[in-house]
Amino acid sequence: MRREPPQTIGDYAPLLFPAAMLTIFFVVPFGTMIAVSFFQRQQGGFYTPAFVYDNYARFLSAFFGGVLGFSLMMAIAVAICCIVLALPFTYMLTRMARNVQVVWLVALLSVLSLSEVIIGFAWSTLFSRTAGITNILVALGLMGEAKALTPSFAAVLTGMVYQAFPYTVLVLFPALVRLDPTLTEAARTLGASPLKAFFTVVVPALRNTIVATLIMVFIFALGSYLLPQLLGRPQHWTLSVLITDQAIYQSNMPFAAAMAVFLVLVTLGLVALTVIAGRKGEAA
Amino acid sequence: MTSIFRKFYFFLIALFLALPLIVVAGVSINEKQTLAFPPQGFSTSWYGEIFLNPEWRNALMASITLAVLSAALAVAIALPLAWFLWRRVAPWANIFQLLGVAPFTLPPVITALGLLTFWATAGFYGQPWTAVVSHAIFFVTLPLVTLSLGFTSIDRSLVEAASTMGADERTVFRTVVLPLILPYIVSGYAFAFVLSLNEYIVAYMTVGFTMETLPIKIFNALRYGYTPTMASVTILFVTTAAVIFGLVARFGDLPKLLGAMSSDGK
């Protein structure tokens, strides 16, 4: 049975349910959100249909600029840390025996599926004064007394890297599996050390993959909405946290919606960049 | 030399991934309600608490019900779509594939906020079933990607043979396509199930004020201080995820599933 264009109206029937569900519960809510972003906010958490730019005008404040700048900086830091850690790891993983790979993949998936609530709780425990790693350092005699390491910027960064690391490995995995092993073999035969072969052959061959992965991890990190709250101080809040906060606690839906629309635009712009980076990779 | 370096590096990564969980596991067996590590005393009562304390039990039941139903709905949306895209030449229908992948690619807070404004406008805000639909849409990407991969791996000549022997569309689907695609349905369901179990923001924004799923319950409890039950729930969740993914790996081809997941799914 070959693929063929639909002959009759009846042939479209299977598409009906998925198309309806995705349109009603994804496209329409998306539209609703965009509409709400132009609505007028009323006292007490309500909003009325209108067409005002007030919610977008608030972006021009110094506070919002600060949050945006911090969010982007944070996401870049997370993406770079993840790539630096994950690239050699994934490269070595793809060269291991299949059953070892499977065990690691199961572990990575398990960590990746963990709720942000759970990751936040686990790291706040690890960074706490009473049950944290500082107790181990004290036991080893490296520190005078145990202390809390959270809330701090380093704690937020660690938590977010923990959350994004498995994602980074899984994004890199397919590209590294397909990497031609003869490339490194050739380099080794010609006398390069494994480390030199990695940096002079593997990394340049994967340049486009690395750029695309950086952008994807960046987007992933932009989405983190709880870790900055659980592990950081209010000045460590990112755009995602601010959106949640405005929508739920400040009951300012129009402003939250406007920020969400803005975040979509940033994300889409980055996805477009990923696609362009991918195209270049094919052309090269 | 390189082998030592590799072992050391892998050990460090394993430590990084496992350390928070080891500490949480230690905390979960504390005898008293203290946040202490190494644990003081030994008790498994905090694991019993998940099932005995009505609040935690209700949250657990809510989470499981939500995950079972929303993963099923996600598969029900993904299966006909993936089948149609495989069976027919209809380039414009790819737009639905894109719509299916979008909620997962965008930062989750966006999908959550969109659904919140939608349910509020439609007047269903806070109804438990809205969380099922919301999660199904949010996680439809996972079965969609595994199923698309599954369909491309079907040898079309098998289907052709059945068709030549006189089987109609329905019979071909039931006797040839379905058995071949079944492992992919199961893994797609498993991925959606585990992620729905752990999902916080979409559930919170849609039904957070009327219903408590486990992640919502943990977060609410965190704001009022600490209880070791959070630790035992965490360990329960990690174990569940590891068991389910372990089963997927045991009965399916995990490297292959993941190899395509990122290339089609982004």
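Residues numbered from 1 in each chain as written. Chains lettered and ligands numbered in written order. Predicted model: local features only at pLDDT ≥ 70, side-chain atom pairs only at ≥ 80, totals over all residues.

Notes on the overall build of chain A
For clarity, the threshold we go by: Numbering of helices and strands runs from the N terminus, with a helix taken as a DSSP run of H or I at least four residues long and a strand as a DSSP run of E at least two residues long. Distance between backbone-placed C-beta atoms decides contact: two residues are in contact if it is within 7 Å.
Along the backbone of chain A there are 13 helices and 2 strands. Once the C-alpha set of chain A is aligned to its principal axes, its extents read approximately 75 × 70 × 30 Å. Counting contacts in chain A only where the partners sit at least 6 residues apart, residues at least 24 apart contribute 68% of the total.

Considerations on the overall build of chain B
Short version of the rule: Residues with at least 20 other C-beta atoms within 10 Å of their own are called buried, those with 12 or fewer are called exposed, and the rest are partly exposed. The C-beta atoms themselves are positioned from the backbone.
Summing up its helical and strand segments, chain B has 13 helices and 0 strands in all. Across the 266 residues of chain B, 49% fall into the buried class. A separation of at least 24 residues holds for 72% of the contacts in chain B among residues at least 6 apart in sequence.

Quick word on the nonpolar core
Selection criterion: For this entry, the nonpolar core is defined as buried Ala, Val, Leu, Ile, Met, Phe, Trp, Tyr and Cys residues connected by C-beta atoms within 7 Å.
Formed by 172 residues in total, the largest nonpolar core has its most connected members in A:V78, A:V217, A:A221, A:A260 and B:L113. Ranked by residue count, the leading element in this core is helix α3 (residues 54-87) of chain B, at 18 residues.

As for the confidence of the model for chain B
Residue and element names in this part refer to chain B. Cut-off, in case you're wondering: pLDDT expresses how confident the predictor is about each individual residue, on a scale running from 0 to 100.
Overall, the predicted model of chain B reaches an average pLDDT of 87, with 97% of residues at or above 70. Mean pLDDT across the elements of chain B ranges from a minimum in helix α13 (residues 254-265), with 60, to a maximum in helix α6 (residues 128-139), with 94. Considering only residues more than four positions removed or in separate chains, one finds that residues 260-266, a stretch of pLDDT under 50, has 16 contacts. Overall fold confidence (pTM) sits at 0.88, and the ipTM for the predicted complex is 0.85.

Description of the interface of chain A and chain B
Interface size is commonly expressed as the accessible surface area that is lost when the partners come together. We apply this condition: Amino acid classes used here: Ala, Val, Leu, Ile, Met, Phe, Trp, Tyr, Cys and Pro are nonpolar; Asp, Glu, Lys and Arg are charged; the rest, including Gly, are polar.
Listed per partner, the contact involves 72 residues of chain A and 75 residues of chain B. For the side of chain A that touches chain B, the secondary structure elements donating two or more residues are α1 (13-36), α3 (62-94), α4 (98-112), α5 (116-126), α7 (153-178), α10 (207-222), α12 (239-249) and α13 (253-283) of chain A. When residues of the side of chain A that touches chain B are assigned to their parent elements, the largest contribution, 16 residues, is made by α1(A). In terms of residue class, the side of chain A that touches chain B is made up of 55 nonpolar, 13 polar and 4 charged.

A word on the packing of α5(A) against helix α11 (residues 214-223) of chain B
Threshold: Throughout, an axis means a line fitted to C-alpha atoms (over the contacting stretch in the case of helices), and angles, computed between N-to-C directions, take values from 0 to 180 degrees. By convention, the crossing between two helices is left-handed when the near helix turns anticlockwise from the far helix through less than a right angle, and right-handed when the turn is clockwise.
At their nearest, the axes of α5(A) and α11(B) sit 9 Å apart, and the two run at 40° to each other. Relative to α11(B), the crossing made by α5(A) is left-handed. Counted together, A:V117, A:I118 and A:F121 of α5(A) and B:P215, B:I218, B:F219 and B:L222 of α11(B) form the full contact between these two elements.

Comments concerning the environment of A:T134
All names here are of chain A. Here T134 is to be found in helix α6 (residues 133-139). By C-beta crowding, T134 is classed as buried, having 21 other C-beta atoms within 10 Å. Placed 11 residues apart in sequence, T134 and E145 show a C-alpha to C-alpha distance of 7.7 Å. In this view, T134 contacts M143, A146, K147 and L149; residues no more than four positions away in its chain are not counted.

Some remarks on the environment of B:G259
Structurally, B:G259 can be placed in helix α13. Using a count of 17 C-beta atoms within 10 Å as the deciding quantity, one classes B:G259 as partly exposed. Put simply, B:G259 and B:A74 are 185 residues apart on the chain and 22 Å apart in space, counted from C-alpha to C-alpha. When residues no more than four places from it in sequence are discounted, the contact partners of B:G259 are A:F173, A:P174 and A:V177.

Re unusual backbone geometry
The phi angle at A:S251 is positive, at roughly 50°, despite the residue not being glycine. As for its position among the elements, A:S251 is in the loop between α12 and α13.

With respect to the environment of A:V169
All names here are of chain A. Topologically, V169 is positioned in helix α7. With 157 residues separating them along the chain, V169 and Y12 place their C-alpha atoms 39 Å apart. If we skip the residues at most four places from it in the chain, V169 touches A86, F89, T90 and L108.

Considerations on the confidence of the model for chain A
Confidence in the prediction for chain A averages 84 pLDDT; 96% of positions are at 70 or higher. The secondary-structure element of chain A with the lowest mean pLDDT is strand β2 (residues 47-48) of chain A, recorded at 74, while α7(A) shows the highest, at 91.

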